[in-house]
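Read off the chains here:
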Amino acid sequence: MNQDLLSGGSSSRRGRGPGGAVVRGNASSTARAPQQAAEEGDEDEHMNRVVEEEEQLRQRPEASQIDGEREQPWAPSESGAPNGPRGDEEDEEALPNEVNGVEKGARWMWGPEHKRLRGQPLAEEEEEEEEEEENNNSSSHQEEEEEAEERTEGGEEQGREEEEREEEDEDEEGMDQDSDDFEHSAESGREEEEEEEGEGEDGLRSPSLRNSMSAPNNNLDSGCTHQSSSNKKMKRKLDHGPEVRSFPSGKKPCKGPEYPSPTGIVPCPATPTTFGHIRTANGQGQQRRRITSIQPPTGLQEWLRTFQSWTGPEKLLALDELIDSCEPTQVKHMMQVIEPQFQRDFISLLPKELALYVLSFLEPKDLLQAAQTCRYWRILAEDNLLWREKCREEGIDEPLLLKKRKIVKPGFTHSPWKSAYIRQHRIDTNWRRGDLKSPKVLKGHDDHVITCLQFCGNRIVSGSDDNTLKVWSAITGKCLRTLVGHTGGVWSSQMRDNIIISGSTDRTLKVWNAETGECIHTLYGHTSTVRCMHLHEKRVVSGSRDATLRVWDIESGQCLHVLMGHVAAVRCVQYDGRRVVSGAYDFMVKVWDPETETCLHTLQGHTNRVYSLQFDGIHVVSGSLDTSIRVWDVETGNCIHTLTGHQSLTSGMELKDNILVSGNADSTVKIWDIKTGQCLQTLQGPHKHQSAVTCLQFNKNFVITSSDDGTVKLWDLKTGEFIRNLVTLESGGSGGVVWRIRASNTKLVCAVGSRNGTEETKLLVLDFDVDMK
């Protein structure tokens, strides 16, 4: 039959001449030579072919094998190869296709008029139409059965995909809680992904009839060659070639001269020349959703033939008018068919190293969203080194190794650094807006004042003016032991690991074993109250109301050095292992070399008592009753900045990475940049404290402050905005006070009480930890 088509087509072209085009029903085509038609039509022939294929597929279900002598114009063979119309040898190949210039048996052009012109009897034509209708009915029934089976398989496949997707999304649940916007975008992303998968499965259930217009096999070589040479212009516009295709993970682009057609029988040219071929080359040929629920309208083929006979500009004009006449849902359908062709997954096309480098510029929240894109992006977004860098940026030092993790897919590994980041994010979210559970209440010290508070690991140590220290479990809230030995009130303490050091009004320091409660050393030397101390490794420096400082070895209990020079009580001290910095009631700040016991600098400038100090090895920051805060250079002793703005005593400060947070008796808290001397934020407003700020702590995200008004407040470090109250005493405003606070990453410890008996002395422990299963 193919040989008949080849010889018949050649004979037909020799016999018909230009007038043969009249049979197509369009007069304009008769005035053009085949070469001119090809030149004018090559610009849009890709789109024409797509339209032809779509309309044919809508009208033609798969037909069963029919008589080899008389084949229906719209029925492909069982193997999927197209069958041309039967006719005599003179007219078998028929007219060349003017859309793409390929000489093939254009079976879809054979209408009743063509057959009558070729001398075919009308009775035979009617007989063929009846046979065609019969075949269509039988093939429709067969198609329905196949569709039902494929839907069942598709449903099972969809169930498996949904189960895998649920497992893959488990680790991202925490990040979805970061903000309302992120929740919405993540949810929308998942819904769209499910929707797209559903559409893809629908497409797979539909019969695959896309290549019913392909040429016979023996015309393939000449047809493909002619298409490649006559469509260079459109190829430059639309054909990106197999090198830029998006492939599933583990698959490589085909490098052969041909790639299979959607039906898997007729190969397509190595260089795609139609829009349908381009979509097939990009792996999208089987994902197209076909409309099979309605029959093609009458006159559709005549309408398409008229469109194909127009020039390129005429087609563009017609398309513009057609789009203007469409409803929005119809335009959306066109977009769903066309848009995917111009989308490129550039990440999957890059080498893994470059892809990870690109992803490293994303914020962690964006990385988690990117992981929901596809499986290959999920693998990239789980890279352990990538998440290690993100954790380091956030100050997270340790990965989180979870005991049990579901295996999403063989070869897929969960990132411990990613788990650590997600855990920290959930903890931050708990601080910011998690439910405030009832705190653990640690009662002790009767009605005495808690003067000092330490919190390290899961151990809390409180010192009181009742002459004792108590060691508590932060987990159970139980008092593990009471350290008894001082004969005066405890006013200062330090703790590291299992070692506790305390200073008292009895003029001694004591070194304790936190595990056993044993007093290891009693350090004698001061002649007045030990008011302050600072521990660094194995040495502790103590400051006393006797105006001296002493350096002690906590292992041997020996006094190594005595620093004398102040003329009034030493109120605060800092020690970094190299330099000692002290502030006193003589308005002075002194920098010492403890090894030589010499005063390197006396920092003069304050006009009242110095109550607080911070020292980072480069800068000394001092807070005074004169309302000012001064920043000094430790090497030169020069005053770099004088920070003004507070109205009273600066009672507490904390310095990290050139950011200083100061709390004042004027009830305000300020955030400073000590490099520039600029006040970045003032924590005030309608939610500000109503009395003096007693204590504060801050990290990279939050500032926690306590006050004589009986509250503990949480603020945003970067914006200065009030977030919420963490503690509110019922006796606040009538005597209830929060004396001290200490915070870890997951817990907050508050020492509360009152001076008039309205609030019982106790410790409150709030837990913001999360359970990572």
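The model shown is predicted, which means the values in this text are computed figures rather than measured ones.

So, about the sheet that holds strand 30 (residues 736-743). Pairing within the open sheet is antiparallel, and its 4 strands lie in the order 1-32-31-30. A single partner strand is all that each edge strand has here, and the edge strands are strand 1 (440-443) and strand 30. Averaged over all neighbouring strand pairs, the angle between strand axes comes to 25°, with direction disregarded. Both strand 31 (residues 747-754) and strand 32 (residues 762-767) contribute to a ladder of 6 bridges, which runs antiparallel. Residue pairing across strands places Cys750 opposite Leu764, the latter belonging to strand 32.

Further remarks concern the sheet that holds strand 20 (residues 629-633). One open sheet accounts for 4 strands, arranged 18-19-20-21; its pairing is antiparallel. In this open sheet, the two edge strands, each paired with only one partner strand, are strand 18 (610-615) and strand 21 (639-643). Going from strand to strand, the sheet's axes swing by 20° on average, the running direction of each strand aside. In terms of strand pairing, strand 19 (residues 619-624) meets strand 20 through 5 bridges, oriented antiparallel. Across the sheet, Gly623 pairs through a bridge with Ile629, a residue of strand 20.

Here we take up the pairing of strand 16 (residues 589-593). In summary, the side chains of a regular strand alternate between the two faces of the sheet. Of all 5 residues in strand 16, 5 are buried; the element is thus mostly enclosed. By the alternation rule, side chains of strand 16 split into Val589, Val591 and Asp593 and Lys590 and Trp592, which are all buried. As paired strands, strand 15 (residues 580-584) and strand 16 are joined by 4 bridges and run antiparallel to one another. Across the sheet, the residue bridging to Val581 is Val591, located in strand 16. Here strand 15 folds back onto strand 16 in antiparallel fashion, the turn holding 4 residues, of which Phe587 has a positive phi close to 75°. Sheet topology places strand 16 next to strand 17 (residues 598-603); 5 bridges connect them, and they run antiparallel. Residue pairing across strands places Trp592 opposite Cys599, the latter belonging to strand 17. Counting the residues that bridge the hairpin from strand 16 to strand 17 gives 4 residues, and of these Glu597 lies at a positive phi of roughly 60°.

Moving on to the packing of aromatic side chains. Taken as a whole and assessed by the stated rule, the structure comprises 6 aromatic pairs. Plain terms: the ring middles of Phe307 and Trp310 are 5.9 Å apart, the flat faces sit at 65° to each other, and that makes the pair edge-to-face. Look at Phe307 and you get buried, because its relative accessible area is 13%. What makes Trp310 partly exposed here is its relative accessible area of 29%. On the basis of an interplanar angle of 50° and a centroid distance of 5.6 Å, the ring pair of Trp387 and Tyr421 is categorised as tilted. With Trp387 in helix 17 (residues 384-393) and Tyr421 in helix 18 (residues 416-433), this residue pair connects regions lying 34 residues apart in the sequence. Among the residues examined, Trp387 registers a relative accessible area of 0% and is labelled buried. Accessibility expressed as a relative area gives 10% for Tyr421, which makes it buried. Just above the ring of Tyr585 sits the side chain of Arg609; from NZ or CZ to the centre is 4.3 Å.

Rules used in this analysis
Residues numbered from 1 in each chain as written. Predicted model: local features only at pLDDT ≥ 70, side-chain atom pairs only at ≥ 80, totals over all residues. Heavy atoms only, no water. Pairing = 2+ DSSP bridges. Helix = DSSP H or I, 4+ residues; strand = E, 2+ residues; numbered from the N terminus. Axes fitted to C-alpha atoms, helices over the stretch in contact; angles between N-to-C directions. Buried < 20%, exposed > 50% of the residue type's maximum accessible area, 1.4 Å probe, protein only. Phe/Tyr/Trp six-rings, centres within 6.5 Å; stacked < 30°, edge-to-face > 60°. Lys NZ or Arg CZ within 6 Å of the ring centre and 35° of its normal.

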